[in-house]
Amino acid sequence: MSLVRRAVPEDAGEVLRLRQVMIDSMAAGPGPAAWHAESLPTLRGRLAAPDGDFAAFVVDHPDRPGALAALVAGTLEYRIGRAGNPHGLVGYVFSVATDPDARRRGYARACMTELLAWFRSRGVPQVDLNASADAEPLYASLGFVRKPDPSMRLQL
């Protein structure tokens, strides 16, 4: 039996906690978490829609009942088709986090494997993500390659 399972609405608080772990790991220190309360109802709704365009896979923490040890989340996006992807489906992985006391046990890899299987089952021919230097070896071992990315962002 797999350690990995699809996240359910009751996991929303823990999913947000692990997302904060990921955010904090990429910043100079702990960031604000007040946004969790506002985000919680939306996340619960997304987790309650198993046929939607969002999926999160988790591993329960082996030492802390009710806590999660790892999280991987992603979405399906539609972009106008092109050569190599005529239907325009793209997977995007945006949250990969492991609780600091549960690292180096293969949980993130197991969750990523399940998310990639979910993308494949939905007919997605490509998956994108942004990788930290620490996580790049994991993604490379799963077949991800660096691409030249001229991404820009406008905060509205």
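Given the structure is predicted, the values throughout are model-derived calculations rather than measurements.

Enquirer: Can you lay out the overall build of the chain for me, pointing to particular residues and giving the numbers?
Expert: Within the chain, the regular secondary structure consists of four helices and five strands. For the chain, the N- to C-terminal ordering of α and β elements is β-α-α-β-β-β-α-β-α. At 16 Å, the chain has a C-alpha radius of gyration in line with the 15 Å of a compact globule built from 156 residues. On the principal axes, the C-alpha backbone points of the chain span a range of 45 × 40 × 30 Å. A total of 156 residues make up the chain; the buried ones form 37% of that total.

Enquirer: Can you lay out the pairing of strand 3 (residues 68–78) for me, pointing to particular residues and giving the numbers?
Expert: Looking down a regular strand, the side chains alternate between one sheet face and the other. With nine of eleven residues buried, strand 3 is to be regarded as a mostly interior element. Bridge count for strand 3 against strand 4 (residues 89–98) is nine bridges, and the pairing is antiparallel. The residue of strand 4 that forms the bridge with Tyr-78 is Leu-89.

Enquirer: Break down unusual backbone geometry for me, citing the residues and quoting the values.
Expert: Of note, the phi angle at Arg-104 is positive, near 70°, even though the residue is not glycine. In this structure, Arg-104 sits in the loop between strand 4 and helix 3 (107–121).

What counts and how
Residues numbered from 1 in each chain as written. Predicted model: local features only at pLDDT ≥ 70, side-chain atom pairs only at ≥ 80, totals over all residues. Heavy atoms only, no water. Helix = DSSP H or I, 4+ residues; strand = E, 2+ residues; numbered from the N terminus. Rg over C-alpha atoms; globule rule 2.2 N^0.38 Å. Buried < 20%, exposed > 50% of the residue type's maximum accessible area, 1.4 Å probe, protein only. Pairing = 2+ DSSP bridges.

By themselves these figures say nothing about function.
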